[in-house]
Amino acid sequence: MNMTVYVPMDSGAASLGAHELAQAIASEAARRGIALELKRNGSRGMYWLEPMIEVETPAGRVAYGPVRREDVPGLFDAGFLNGGCHALALGPTESIDYLKRQSRLTLQRVGVVDALSITDYLAQGGFAGLRRAVRMSPAEIVAEVTESGLRGRGGAAFPTGIKWNTVLNTTADQKYIACNADEGDSGTFSDRMLMEGDPFCLIEGMTIAGLAVGATRGFIYLRSEYPDAHRVLLAAIETARETGYLGADILGAGKAFDIEVRLGAGAYICGEETAMLESLEGKRGIVRAKPPLPAIEGLFGKPTVINNVISLASVPIILAMGAAYYRDYGVGRSRGTLPFQLAGNLKRPGLVELAFGTTLRELLYDFGGGSASGRPIRAVQVGGPLGAYVPESQFDVALDYEAYAAMGAMIGHGGLVAFDDTVDMAHMARYAMEFCAEESCGKCTPCRIGSTRGVEVIDRLMAGEARGKQLALLNSLCDTMERGSMCAMGGMTPYPVRSALKHFPEDFGIDATQAA
Amino acid sequence: MAALDNREFIQTAIDGHRHLDGALLPALHAIQDGLGWVPPEATPMLAEALNLSRAEVHGVISFYHHFRTTPPGRHVVQVCRAEACQAMGASALEAHAKRSLGADFGQTTADAAITLEPVYCLGNCACSPAVRIGDRIVGRVDATRFDALMAELREEATA
């Protein structure tokens, strides 16, 4: 029997040398006359251990990491192919504390399977949800998703089942599923990991969505910053077509669904759903006024389900295991799990999938191990560049949509970016405005002009020019952007700015009473 | 001569994509993937083929950061400016990159080897700071690593 070694092809692992490592392992095995099967999996999400390799042993998979090319001969000498002792040995993969303590539902197969092997996918329970869905009526599928409590994992957190129901009940000659894979928020990479590590899961989720609402065509709008995800998706879609999971006759049930991948072109605003639709139609990514809702008049004027990658990838397990199984994770109206992404200044950055209700402190310290620099963590930006900066005093608030909204923050896509105490929060507030000015689509004035004026006001504030006046101006500008912008870009840019002012006034040269 | 070749290439790229719904972006990607940029002659050709005004086509090209209307150097190097990278020293890396290459964002080095661009998130936030060289993502890049990578690129060019 061939020995099996897993080396991730995830672009994060590759960015630390995984491809070169795979080559080194293959040539060392050849040199020693050992027959070896190299499988390219996704990442388990423990990036401080990447490149992390795994070996199949009779007792299960064991891990070694982080492995550099020059470690390879030593690993062979130590008998790593049989799980031998070595300084880089991490023991059985599933027993690594960071992984063991998670609830992996949506990303259960990422890092486990060879991403492009449909055999691996099937062996790990893949397409069980679709098999069940083809025997159900559209309304039954929608009801299952509604009962699961799944809300959009892209940011706005709208209930997925309700959105699907609107599309189902709208009559049209053509309907679409549009997967928003324009994950542009800094600190988020769960879409990328899912697409690179388990592309069939997204394909299955989209197909189920198609069956649920009567859509025969799906688009994945993928950001151009993800070249590896692009290659993997194209290959997986081709395989799914060849094996009858996509195309004119899904699983022989007489229902059609197919998927096209479209690349974005470096515009953050295209992560906003209506800007994404414009971009898919080949236009500038300019936000549309709502109503009409995209569920009624969406892509090319037809009813369209728009969900992000993680929402759609959560659907297969809901259909496979039933709504209650999924709903039983979480708290309040935040049901199921969210892949939290730990990034920035942390000792153990990575992806942690957990039920809602965990806290920042648990994620930052128990999982993240505190800061990479060894200095105190001062601020954490939660939910991307439009998310609030959370200070240590709020690290114990439960991560659930409502609890976060109540403190003027949002969970968004689940990205956490940690900063140590060397961060200049006035600089970060200025950056938020600068980013908005750079990325605004330009359609509405509060966002387009407000962000440019915001940079200027913060500059004057920092220069110490009539501080009280500048502060009043900045607050009023933030009000205008929040209330007057057409979409979340202008509407939420004040979140990082105001939270920085509120919690870290000293960085702006003001005291707390002035900031409020 | 080169312009004529460009025209032929652009026409082929357009013909390969005009059947798609919303064909403009896929056609522009094909043009830039092949030529490294979107030359000015592409605008009237796209407008004609897709039944759009030149202003509409120009509006799309200029809206998206990805599309370039000047030819790049032999390699395009993007440095991530987003928050997760900033938390790990991206601002210092950005300053170093500009200084050592003698090029600002959007500019190409004097030897035409490297075009420097900003990027907002490569999804490599857990291995920050990150850069992208062509289609290759590199993680945990500091000034020393950056210089070594640039030297590699220049060696490739002269080899």
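Each value, and the rule that gives it
- Residues numbered from 1 in each chain as written.
- Chains lettered and ligands numbered in written order.
- Predicted model: local features only at pLDDT ≥ 70, side-chain atom pairs only at ≥ 80, totals over all residues.
- Heavy atoms only, no water.
- Phe/Tyr/Trp six-rings, centres within 6.5 Å; stacked < 30°, edge-to-face > 60°.
- Helix = DSSP H or I, 4+ residues; strand = E, 2+ residues; numbered from the N terminus.
- Buried < 20%, exposed > 50% of the residue type's maximum accessible area, 1.4 Å probe, protein only.
- Lys NZ or Arg CZ within 6 Å of the ring centre and 35° of its normal.
- pLDDT = per-residue confidence, 0-100.
- Pairing = 2+ DSSP bridges.
- Axes fitted to C-alpha atoms, helices over the stretch in contact; angles between N-to-C directions.
- Contact = heavy atoms within 4.5 Å.

### As for the packing of aromatic side chains
Ring pairs (aromatic) are described by centroid distance and by the angle formed between their planes. Residues and elements named next belong to chain A. Inspection of the entire model under this criterion finds 18 aromatic pairs over all chains. Ring geometry for Tyr98 versus Phe367: centroids 5.5 Å apart, planes at 80°, classification edge-to-face. With a gap of 269 residues between them, Tyr98 in helix H4 (residues 97-100) and Phe367 in helix H15 (residues 360-367) connect regions that are remote in the sequence. Like Phe367, Tyr98 is buried. Pairwise contacts between aromatic rings join Tyr121, Phe127, Phe200 and Tyr245 into one cluster. Directly above the ring of Phe367 sits Arg101, whose terminal nitrogen or CZ lies 4.7 Å from the centroid.

### Quick word on the confidence of the model for chain B
Looking at chain B, the pLDDT average stands at 95 and 96% of residues meet or exceed 70. On the interface metric, ipTM, the complex scores 0.96, and its pTM is 0.97.

### Comments concerning the sheet that holds strand S3 (residues 53-57) of chain A
Residues and elements named next belong to chain A. What the five strands build is an open sheet, ordered S2-S1-S3-S4-S5; its pairing is mixed. Both edges of this open sheet fall to strand S2 (36-39) and strand S5 (89-92), since each of them pairs with a single strand only. Ignoring strand direction, the axes of neighbouring strands in this sheet form an average angle of 25°. Pairing of S3 with strand S4 (residues 60-64) involves five bridges; the strand directions are antiparallel. Across the sheet, residue Glu56 finds its bridge partner in S4, namely Arg61. Sheet strands in contact with helix H2 (residues 18-31) are strand S1 (3-6), S2 and S3, and its direction is about 175° off that of S2.

### Observations concerning the pairing of strand S13 (residues 350-355) of chain A
All names here are of chain A. Most of S13 sits out of view: six of its six residues are buried. Sheet topology places strand S12 (residues 337-344) next to S13; six bridges connect them, and they run antiparallel. Its bridge partner lying in S13, Thr337 is registered against Ala355. In this structure, the hairpin formed by S12 and S13 is closed by a connection of five residues.

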